[in-house]
Amino acid sequence: MKGEITSKEMPMSVFANVVKQVDHAASLLGIDPMLVEIIKMPRRSVIVKLPIQMDDGSFRVFTGYRVQHSIVRGPAKGGLRFHPDVTLDEVQALASWMTWKCAVVNIPFGGGKGGITVDPKTLSKHELEHLTRRYVADLLDVIGPESDVPAPDVNTNEQTMAWIMDTYSMHVRHTESAVVTGKPLIMGGSLGRREATGRGVMLTVREACKRLGMNLKGATAGIVGFGNVGSVAADLLQKEGVKIIAVTDVMGGVLNRKGLDIPGLIKYVAETGSVVGFAGTTPISNEEVVALDVDVLIPAALENLITAANADKVRAKIVAEGANGPTTPDADEILTRKGIFIIPDILCNAGGVTVSYFEWVQNRVGYSWTEDEVNGRLELVMVSAFADTYRVAQEYKVNMRVAAFMLAIRRVVDVILLRGVYA
Ligand code: NAD
């Protein structure tokens, strides 16, 4: 992954935030508090110490985590993050969000997440390969195609997934593609996976416009973050007639009120590493994009972009959360009070895990789908998840975030009630 994703500005406990979100939605559903206790806490959190021999012959010990928040609806599913700020608290929060995200889009997965506390920029490719393989070897009895399926996240990519697949396969003595998703196409990756999250953002924005009586064609948008999610969302929204007038990345931002040439900007970023200095634009900061007079604001970078300090300045009609956790709970209340329509992260960016599910299905069947088939099925899933969430929001008169949590919790709890609690 490109760019700097830092969680330094995150509150002391991100997991406490998720717990708050779950408690609130569960109380509106009138769920038995004992069941709420079961669904709140991760079922399994594993910490591994990973001694790695560095290129110079010395040893360093890294800490890795894998959290399975829930396997009620299927194998735990969630990415593996390499970042110096990774903590157990953060991995638990991200694993919990995965449970609710998979339930919102109604795919048969639970929630999981992994992380290694490391700055990958300080390691050689060889050292990163060792670290990844050692992590997998230590978690052999935790991950697996039937139990827990990792995927890329911040600072991990197709190459990392290839190492995971290979290490696992060597130990189980056969090639096991379905142990991980987000793989290179040549070894069982899915067509459409790279664009899936951005495509989901475009689809949910389109659905929101329909509900709000807004015309997507001619609508304006500002985007914070121009990596995998932000650039694909920008490209697909522009193809739908949306005018993207501002984009930022970790180095700075660009504004053109007549609309940015997104394919040109993508090419420019590939050449220069940043949006900064793109021809025909003036500079703009994140804070200015947040306060921009646009129809749609898309946070697609890091956590906690919209906080109590700037939520009041948001003028967009729709906030579409491409990133995970871009809005703090306090800011959420302010946006809702202002009548801004929030497409919450666990719905808005669920396109990625949905196509990961398709990849897992294709691997298990031993067959690959065409890109049109993948995109068509993704559209069906996203449109239906949006409609389900919107229905709950209307019925309970809550915002889309609370509705998404209510929908997801209901789906998880209903399965628990049918399976029973094995005690
Ligand atoms: P990425 O690394 O490809 O891109 C991140 C972008 O954010 C880069 O353009 C980077 O320059 C920019 N950025 C970083 N710090 C910034 C700052 N301070 N101000 C402005 N821009 C900044 O990552 P990505 O895959 O696009 O992920 C972005 C977000 O979407 C993350 O929250 C991630 O967890 C979430 N997400 C990604 C996927 C996926 O499939 N890639 C799926 C679901 C959620």
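Look above for the structure.
Residues numbered from 1 in each chain as written. Predicted model: local features only at pLDDT ≥ 70, side-chain atom pairs only at ≥ 80, totals over all residues. Heavy atoms only, no water.

Enquirer: Break down the overall build of the chain for me, citing the residues and quoting the values.
Expert: Looking only at helices and strands, the chain features 14 helices and 12 strands. Here the chain has a C-alpha radius of gyration of 21 Å; the compact-globule value for 423 residues is 22 Å, and the two agree. With respect to the three principal axes, the spread of C-alpha positions in the chain is 55 × 55 × 45 Å. For the chain, buried positions account for 60% of its 423 residues. The distance from the centre of the 45 positive side-chain charges to the centre of the 47 negative ones in the chain is 3 Å. (Helix = DSSP H or I, 4+ residues; strand = E, 2+ residues; numbered from the N terminus. Rg over C-alpha atoms; globule rule 2.2 N^0.38 Å. Buried < 20%, exposed > 50% of the residue type's maximum accessible area, 1.4 Å probe, protein only. Lys, Arg positive; Asp, Glu negative; His and termini not counted. Charge placed at Lys NZ, Arg CZ, Asp CG, Glu CD.)

Enquirer: Tell me what's going on with the nonpolar core, and back it up with residues and numbers.
Expert: Side chains of nonpolar character tend, in soluble globular proteins, to be buried together. One finds Trp100, Val205, Ile244, Val247, Leu265, Ile343 and Ile409 to be the most contacted residues of the largest nonpolar core, which totals 94 residues. Domain assignment of the residues forming this core places at least three in each of domain 1 (42-176) and domain 2 (194-348). Leaving out residues up to four positions away in the same chain, Ile343 has contacts with Thr204, Val205, Ala208, Ile318, Val319, Ala320, Glu321 and Cys348. Judged by nonpolar contacts, the second largest core, of 25 residues, contains Val46, Val118, Leu123 and Leu139. (Core = buried A, V, L, I, M, F, W, Y, C linked by side-chain atoms within 4.5 Å. Domains from an automatic or database assignment. Contact = heavy atoms within 4.5 Å.)

Enquirer: Would you mind going over the pattern of salt bridges in detail, with residue names and values included?
Expert: Applying the stated criterion across every chain yields a total of 27 salt bridges. Here Arg133 makes a salt bridge to Glu129, at a shortest N to O gap of 2.9 Å. Residue Arg133 and its partner Glu129 are located together in helix α4 (residues 125-138), separated by four residues, close to a single helical turn. Owing to a relative accessible area of 24%, Glu129 belongs among the partly exposed residues under this scheme. (Salt bridge = Lys/Arg side-chain N within 4 Å of Asp/Glu carboxyl O.)

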